[in-house]
Amino acid sequence: MNFSFLFILLLLVLGFTHKTLDISRRMLVVIVSILILLAISYNVKEKFQTGATTSAIEYTNCNRSEVCPEATNVRVTNLDGTGAFVNNDKIVNVKIEDPLLKIPRESFKNCTKLENVLITANITEIDSQAFVNCIELKKINIPDSVTEIGTFVFNSCNNLEEIEIPDNVTSIGMATFENVFNLRIINFSENSNLSIIHRRLFNHCRRLNSITIPDSVTEIYDLAFLDCHHLKIINFSENSNLRLIREKAFLHCVRLNSITIPDSVDTIGDQAFSIIPDWNDSGTKAPGNILNINLPDKFVNREDLTRIGINLENSELIVNGNGIDSIPSSPSTTTGLPGTTTANGT
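Residues numbered from 1 in each chain as written. Predicted model: local features only at pLDDT ≥ 70, side-chain atom pairs only at ≥ 80, totals over all residues. Heavy atoms only, no water.

J.: Looking at this structure, how should I read the overall build of the protein?
T.: From N to C terminus, the protein includes two helices and 21 strands. Taking all 346 residues of the protein together, the buried fraction comes to 46%. A separation of at least 24 residues holds for 41% of the contacts in the protein among residues at least 6 apart in sequence. Carbon and sulfur atoms make up 51% of the accessible area of the protein, which amounts to about 16700 Å² in all. (Helix = DSSP H or I, 4+ residues; strand = E, 2+ residues; numbered from the N terminus. Buried < 20%, exposed > 50% of the residue type's maximum accessible area, 1.4 Å probe, protein only. Contact = heavy atoms within 4.5 Å. Areas by Shrake-Rupley, 256 points an atom, 1.4 Å probe, with all protein chains shown as cover.)

Structural data, given as structure tokens:
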């Protein structure tokens with residue numbers, strides 16, 4: 001047992017049992033004991049907030065691998081150019097503090113043992129590939145001060161399961177969360193300023209179950225959600241500003257069964273919702289999905305919808321919208337099985 005807690009326990013016992021102490025002094029002992037307990041608790045939490053361990057972590061001040069080649073826990077207040085810790089196979093915990101304002105390109109690229117990153121600095125930018133291929137990374141916080149996240153920043157961080165994107169982020173580069181296979185939760189702030197879901201942003205995020213697209217987003221680029229096999233729910237609000245869903249944006253989202261397109265959308269690209277069913281462990285194909293797409297009334301026999309149903313294998317695309325009479329579909333180019341597209345107009 002921690003000696004600090006034993007000491008506090010002894011104070012409490014003495015405070016209540018010592019016959020020479022009056023009530024006011026006993027109460028003073030109790031209050032002091034409680035304050036000391038709170039201070040100890042806060043100190044433990046401050047030493048490491050990511051939850052990786054309850055024990056104190058001793059950090060080494062360091063700005064690149066050559067300065068501290070054997071360090072496993074580093075405190076960073078400045079970073080010396082591109083790739084400061086690239087290919088480091090020792091670091092486990094990183095704490096990034098003021099006055100650092102930017103995490104440069106490839107700073108922690110291929111840090112294959114890195115598990116936890118705590119950022120307390122008021123950084124404004126995380127540059128391209130900063131944490132790419134940190135395959136053991138489990139926890140990282142993005143401060144409210146960040147406005148820009150570059151390309152491939154968290155690409156192939158396989159063990160990252162959850163991340164919060166704060167209000168001030170206006171740009172997230174291409175393929176930043178690509179191949180983050182275990183990403184289950186991504187939360188955008190309610191007042192998000194993100195404008196574009198970039199190309200391949202969530203490609204192969206196979207554990208992602210649901211996502212709420214911020215109202216500020218105007219475009220979803222091609223292949224943005226390619227192969228998100230567990231994606232079932234895509235939420236838009238009535239205040240969505242989405243205008244464009246590019247081609248193949250949701251290609252192979254085999255468990256997506258319903259989506260309501262916001263009224264603000266003007267264009268949907270080719271094969272945006274094409275589905276090829278998942279494979280079972282036995283090597284045979286799983287049953288096809290039925291995808292309901294609820295469209296705004298403005299879509300009436302639009303040419304840009306004629307290819308939405310291409311490559312539907314054993315699956316059915318149901319398009320709902322006022323005035324829609326028929327949406328042509330094409331047979332599967334993979335197996336020869338016909339894809340089915342049903343139009344439910346009123």
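J.: What am I meant to see in the pattern of salt bridges here?
T.: Opposite charge on two side chains lets them pair, provided their charged atoms get close. Using the criterion set out here, one finds 14 salt bridges in the structure. Between Lys-109 and Glu-106 there is a salt bridge whose closest N-O contact spans 3.8 Å. A residue is classified by how much of its surface remains accessible, and Glu-106, at 18% relative accessible area, is buried. Between Lys-138 and Glu-136 there is a salt bridge whose closest N-O contact spans 3.6 Å. (Salt bridge = Lys/Arg side-chain N within 4 Å of Asp/Glu carboxyl O.)

J.: When you look at the side chain of Asp-127 in this model, what are you seeing that I'm missing?
T.: Mapped onto the elements of the fold, Asp-127 is located in the loop between β6 (125–126) and β7 (139–140). For Asp-127, a relative accessible area of 17% gives the class buried. Excluding anything up to four places from it in sequence, Asp-127 contacts Lys-102, Ile-103, Pro-104, Arg-105, Gly-150 and Val-153.

J.: Would you take a moment to explain the pairing of strand β2 (residues 73–76) for this structure?
T.: For a regular strand, side-chain orientation follows a simple rule: the groups alternate between the two sheet faces. The pairing of strand β1 (residues 60–61) with β2 spans two bridges and is parallel. Residue Thr-60 lies in a different strand from β2, and its bridge partner there is Val-74. Note: β2 against strand β3 (residues 93–96), four bridges, orientation parallel. If you follow Val-74 over to β3, its bridge partner there is Val-94. (Pairing = 2+ DSSP bridges.)

J.: What's the story with the state of the cysteines in this structure? I'm lost.
T.: One covalent bond between the sulfur atoms of two cysteine residues makes up a disulfide. Under the defined criterion, the tally for this structure stands at one disulfide. Paired by a disulfide, Cys-62 and Cys-68 hold their sulfur atoms 1.9 Å apart. Between Cys-62 and Cys-68 the disulfide shows an S-S torsion of about -95 degrees. By sign, it is left-handed. According to the relative accessible area criterion, Cys-62 is buried, its value standing at 6%. Given the relative accessible area of 8%, Cys-68 is considered buried. Cys-111 takes part in no disulfide bond, and the closest cysteine sulfur to it belongs to Cys-134, at a distance of 5.1 Å. Residue Cys-111 is classed as buried on the basis of its relative accessible area, which comes to 0%. By relative accessible area, which is 0% here, Cys-134 ends up buried. (Disulfide = S-S within 2.5 Å.)

J.: Mind showing me how you'd approach unusual backbone geometry here?
T.: Peptide bonds are mostly trans, and most non-glycine residues show a negative phi. With an omega dihedral of 10 degrees, the bond running from Asp-98 to Pro-99 counts as a cis peptide bond. With respect to the element layout, Pro-99 can be found in the loop between β3 and β4 (102–103). Non-glycine residue His-252 carries a positive phi angle of around 65 degrees. Here His-252 lies in the loop between β16 (244–245) and β17 (258–260).

J.: What should I look at first to understand the environment of Leu-101 in this one?
T.: Relative to the elements of secondary structure, Leu-101 occurs in the loop between β3 and β4. When the C-alpha atoms of Leu-101 and Leu-79 are compared, they prove to be 9.7 Å apart, with 22 residues separating the residues in sequence.

J.: What's the story with the sheet that holds strand β12 (residues 196–197) in this structure? I'm lost.
T.: Strand-to-strand pairing in sheets goes through backbone hydrogen bonds, with the strands running parallel or antiparallel. Strands sit in the order β12-β14-β16-β18 across an open sheet of four strands; the sheet is parallel. Single-partner strands in this sheet number two, and they are β12 and β18 (267–268). Relative to strand β14 (residues 219–220), β12 is paired through two bridges, and the arrangement is parallel. Paired with Ile-197 across the bridge in β14 is Ile-220.

J.: What am I meant to see in the nonpolar core here?
T.: Note on soluble globular proteins: their nonpolar side chains tend to be buried together. One finds Ile-103, Phe-108, Phe-131, Phe-154, Phe-177, Phe-202 and Phe-225 to be the most contacted residues of the largest nonpolar core, which totals 72 residues. Secondary-structure elements contributing two or more residues to this core are β2, β3, β5 (116–119), β9 (162–165) and β11 (185–188). (Core = buried A, V, L, I, M, F, W, Y, C linked by side-chain atoms within 4.5 Å.)

J.: Would you take a moment to explain the packing of aromatic side chains for this structure?
T.: One pair of aromatic rings is described through two measures. These are the centre distance and the angle between the planes. Overall, the coordinates contain eight aromatic pairs when judged by the stated rule. Over the ring of Tyr-221 we find Arg-246; its NZ or CZ atom is 4.5 Å from the centre of that ring. (Phe/Tyr/Trp six-rings, centres within 6.5 Å; stacked < 30°, edge-to-face > 60°. Lys NZ or Arg CZ within 6 Å of the ring centre and 35° of its normal.)

J.: Please clarify how the pairing of β11 should be interpreted in this entry.
T.: What you see with β11 is a clean split: Ile-186 and Phe-188 sit on the buried side and Ile-185 and Asn-187 on the side with no burial. Judged from the four bridges that link them, β9 and β11 form a sheet pairing that is parallel. Among the inter-strand pairings, Ile-163 is bridged to a residue of β11, identified as Ile-186.

J.: Got a minute to help me understand the side chain of Ser-216 in this structure?
T.: Counting through the fold element by element, Ser-216 comes out in the loop between β13 (210–212) and β14. Among the polar contacts listed, one links the side chain of Ser-216 to the backbone oxygen of Ser-192, at a separation of 3.0 Å. A polar contact of 2.5 Å, which involves the side chain of Ser-216, links it to the backbone oxygen of Leu-194. In contact with Ser-216, not counting residues within four places along its chain, are Ser-192, Asn-193, Leu-194 and Ser-195. (Polar contact = N/O pair within 3.5 Å; in protein donor to acceptor, adjacent residues only side chain to side chain.)

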